[in-house]
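Given next are the chains, with one letter for each unit.
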Amino acid sequence: MLKYPDAQVISLGIGDTTEPIPDVITSAMAKRSYALSTLEGYSGYGAEQGEKQLRAAITSTFYRDLGIGEEDIFVSDGAKCDISRLQVVFGSDVTMAVQDPSYPAYVDSSVIMGQTGQFQQDIGKYAKIQYMKCTPENGFFPDLSTVARTDIIFFCSPNNPTGSAATREQLTRLVKFAKDNGSIIVYDSAYAMYMSDDNPQSIFEIPGAREVALETSSFSKYAGFTGVRLGWTVVPKELLFADGSPVAKDFNRIVCTCFNGASNIAQAGALACLSPEGLSAMHEVIGFYKENTKIIVDTFSSLGFKVYGGKNAPYVWVHFPGRSSWDVFSEILGKTHVVTTPGSGFGPAGEGFIRVSAFGHRNNILEACKRFKQLYK
């Protein structure tokens, strides 16, 4: 902005939602908020695990017939916060594997916990992390035969940043891999409702997953709750540590120690999200962002770029072979005044890519794509 004070900058960088929260949801939050000013409606601390009615609604909406009970659900202030709480549960002595590229919170929280060893500048990796390379060549699913055994495996599908979604067969392999190695999968399903393919929306659709996986999710990208903050983590009763103790017991202890429960106003909004009207409204919002995604995919495809993602997630992963992600980012910012995200920020395998977020007002998406065409035509 110092260099171009008159620039109309459009940000398609950070994955933050832009469209208003549907009225059916905000009305429920407003009602709960006003109720707090009455004797009958006031409530103080709630259950750290979340309100019973909401836990039941999450179970019946997302995990029906998957063997998950409401007692397995822990409501939180967002998936990102739960990732850090899970790291506290696991402690500093565990080893971890992560998709490469992937959402930075997995690696960063691991660094903070002291799990990773030193950063190796020459290869852009932490010494003790297993980076599971996900590229166009392997269909963005890691070759598990080359992955060493770790205690924890972080896996996100649909993936941020690549937008790829794992198939049933691939997730079956991942569950078997975890079972054979005595590993715990931390499965991030924050974009599951964006799925267009017949791929699993939950890891628990895979037989045996309840014994090796837990799942974290969120209303952030479904209902525009990035600022409201409301998510959940599923820790099945069947998931045990090597000594036979339940993971849920330890997670519950951390939750009760580090957290006083999600906002009761946010939980009222989440409950409204899961009503028939709320679900319909969320699908409408998701549909809007998916239309944005298609516009971006079509734009880069028409310019001759190899484009990935965009079908099952609100992210478009564009390949600039042989070029530095940061150089491409700088070129686009300098010449079109559009902010994207350099792929290398998500891991070494992201080098040569940029991520374009589909979260944006439609006129901004159209204007950004017009500028992309002017730059790369």
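Given the structure is predicted, the values throughout are model-derived calculations rather than measurements. (Residues numbered from 1 in each chain as written. Predicted model: local features only at pLDDT ≥ 70, side-chain atom pairs only at ≥ 80, totals over all residues. Heavy atoms only, no water.)

**A closer look at the pattern of salt bridges**
Rules: A carboxyl oxygen of Asp or Glu within 4 Å of a side-chain nitrogen of Lys or Arg is what we treat as a salt bridge. Each helix corresponds to a stretch of at least 4 residues labelled H or I by DSSP, and each strand to a stretch of at least 2 residues labelled E; elements are numbered beginning at the N terminus. Per-residue accessibility, obtained with a 1.4 Å probe over protein chains only, is compared with the maximum for each type, and a residue is labelled buried under 20%, exposed over 50%, and partly exposed between these values.
Inspection of the entire model under this criterion finds 18 salt bridges. Among the salt bridges present, the one from D82 reaches R85, with a minimum N-O distance of 2.8 Å. Linking D82 with R85, this pair stays in helix α3 (residues 79-90), spanning three residues, or about one helical turn. Like D82, the residue R85 is buried in the burial classification. Close ionic contact of K179 with E211 constitutes a salt bridge, the shortest N to O distance being 3.2 Å. Separated by 32 residues along the polypeptide, K179 in helix α5 (residues 168-181) and E211 in the loop between β8 (184-188) and β9 (213-218) bring together distant segments of the chain. E211 sits in the partly exposed class, given a relative accessible area of 46%.

**Re the domain arrangement of the protein chain**
Defined as follows: For the domain bounds, the source is a domain assignment made automatically or taken from a database. Contact definition: two residues touch when any of their heavy atoms are within 4.5 Å. Values labelled buried area give the accessible surface lost by two parts on being combined, using a 1.4 Å probe and summing over both. A 3.5 Å cut-off defines polar contacts: any pair of N or O atoms within that distance qualifies, except that in protein one atom must be a possible hydrogen donor and the other a possible acceptor, and neighbouring residues in sequence count only when both atoms are side-chain atoms.
Annotation of the protein chain at the domain level lists domain 1 (10-20 + 276-376) and domain 2 (29-273). One C-alpha centre belongs to domain 1, the other to domain 2; they are set 25 Å apart. If you look at the interface, domain 1 gives 28 residues, while domain 2 gives 35 residues. When the two sides are added together, the surface that domain 1 and domain 2 hide from each other amounts to roughly 2,600 Å², 63% of it contributed by carbon and sulfur. For the domain 1 face of the interface with domain 2, the top three residues by lost area are M282, N312 and F346, together amounting to 25%. Our count for the contact surface shared by domain 1 and domain 2 stands at one salt bridge. Here domain 1 is connected to domain 2 by 15 residue pairs in polar contact (both at pLDDT 80 or more). Sorting the residues of the side of domain 1 that touches domain 2 by element identifies α9 (276-302), β11 (307-309), β12 (315-319) and β15 (353-357) as the ones contributing at least two each.

**Points about unusual backbone geometry**
In this structure, the amide linkage connecting D100 to the following residue, P101, adopts the cis form with an omega of 10°. With respect to the helices and strands, the residue P101 is situated in the loop between β3 (96-100) and α4 (104-113). Even without being glycine, D65 reaches a positive phi, approximately 65°. The residue D65 is located in the loop between α2 (52-62) and β2 (73-76) in this model. For D65, a relative accessible area of 75% corresponds to the exposed category. In this structure, H337 takes a positive phi of about 60° despite not being glycine. Positionally, H337 belongs in the loop between α10 (325-336) and β13 (338-339).

**Quick notes on the packing of α10 against helix α11 (residues 362-376)**
Here is the rule: To obtain an axis, a line is fitted to C-alpha atoms, over the contacting stretch when the element is a helix, and the angle between two such axes runs from 0 to 180 degrees between their N-to-C directions. By definition in this entry, angles of less than 35 degrees are roughly parallel, angles greater than 145 are roughly antiparallel, angles of 65 to 115 are roughly perpendicular, and the rest are oblique. Any residue outside Ala, Val, Leu, Ile, Met, Phe, Trp, Tyr, Cys, Pro, Asp, Glu, Lys and Arg is labelled polar, Gly included; the first ten of those are nonpolar and the last four are charged.
The contact between α10 and α11 brings their axes to 10 Å, and the two run at 105°. As summarised for this structure, α10 and α11 are arranged roughly perpendicular, according to the angle between their axes. Contact with α10, carried on its side by V328, E331, I332, K335 and T336, involves R371, F372, L375 and Y376 of α11 and no other residues of that element. By residue class, the composition of the contact of α10 with α11 is five nonpolar, one polar and three charged.

**Examining the sheet that holds β11**
Think of a sheet as strands paired side by side through backbone hydrogen bonds, with each pair either parallel or antiparallel. So the rule is basically this: A strand pair is defined by DSSP finding two or more bridges across the two strands.
Here four strands make up an open sheet; going across it, the order is β11-β12-β15-β14 and the pairing antiparallel. Only two strands of the sheet have a single partner each, and these edge strands are β11 and β14 (341-342). Inspection of the sheet shows β12 paired to β15 by five bridges, in the antiparallel sense. Looking at the pairing, V318 lines up with I354 of β15.

**Section: the environment of L279**
With respect to the secondary-structure elements, L279 resides in helix α9. Its relative accessible area of 21% is what places L279 among the partly exposed residues. For the pair L279 and V24, spaced 255 residues apart in sequence, the C-alpha to C-alpha distance is 9.9 Å. When neighbours within four sequence positions are excluded, L279 is seen to be in contact with T61, C273 and L274.

**Some points on α10**
Note the following rule: Helix span is expected to be 1.5 Å times the residue number reduced by one. The arc under discussion is defined with respect to the helix axis, by the directions toward the C-beta atoms.
End to end, α10 covers 16 Å across twelve residues, agreeing with the expected 16 Å (1.5 Å per residue, within 8%). Regarding α10, the residues found buried are S325, V328, F329, E331, I332 and T336. Considered in projection along α10, the buried side chains sweep an arc of 165° and stay on one side of the axis. Buried residues in α10 make contact with β13, β14, β15 and α11. Where α10 begins, the capping side chain belongs to S324, and its oxygen is found 3.2 Å from the backbone nitrogen of W326. At the exit of α10 stands H337, carrying a positive phi of roughly 60°.

**Side note on the UniProt feature "domain: Aminotransferase class I/classII large" (unreviewed entry) in the protein chain**
Definition in use: UniProt positions are given in the numbering used here, feature names are shortened, and annotations may be inferred rather than shown by experiment.
Here, the residues flagged by UniProt with the feature "domain: Aminotransferase class I/classII large" (unreviewed entry) are residues 8-372. As a span, residues 8-372 carries 37% helix and 16% strand, and end to end its C-alpha atoms are 14 Å apart.

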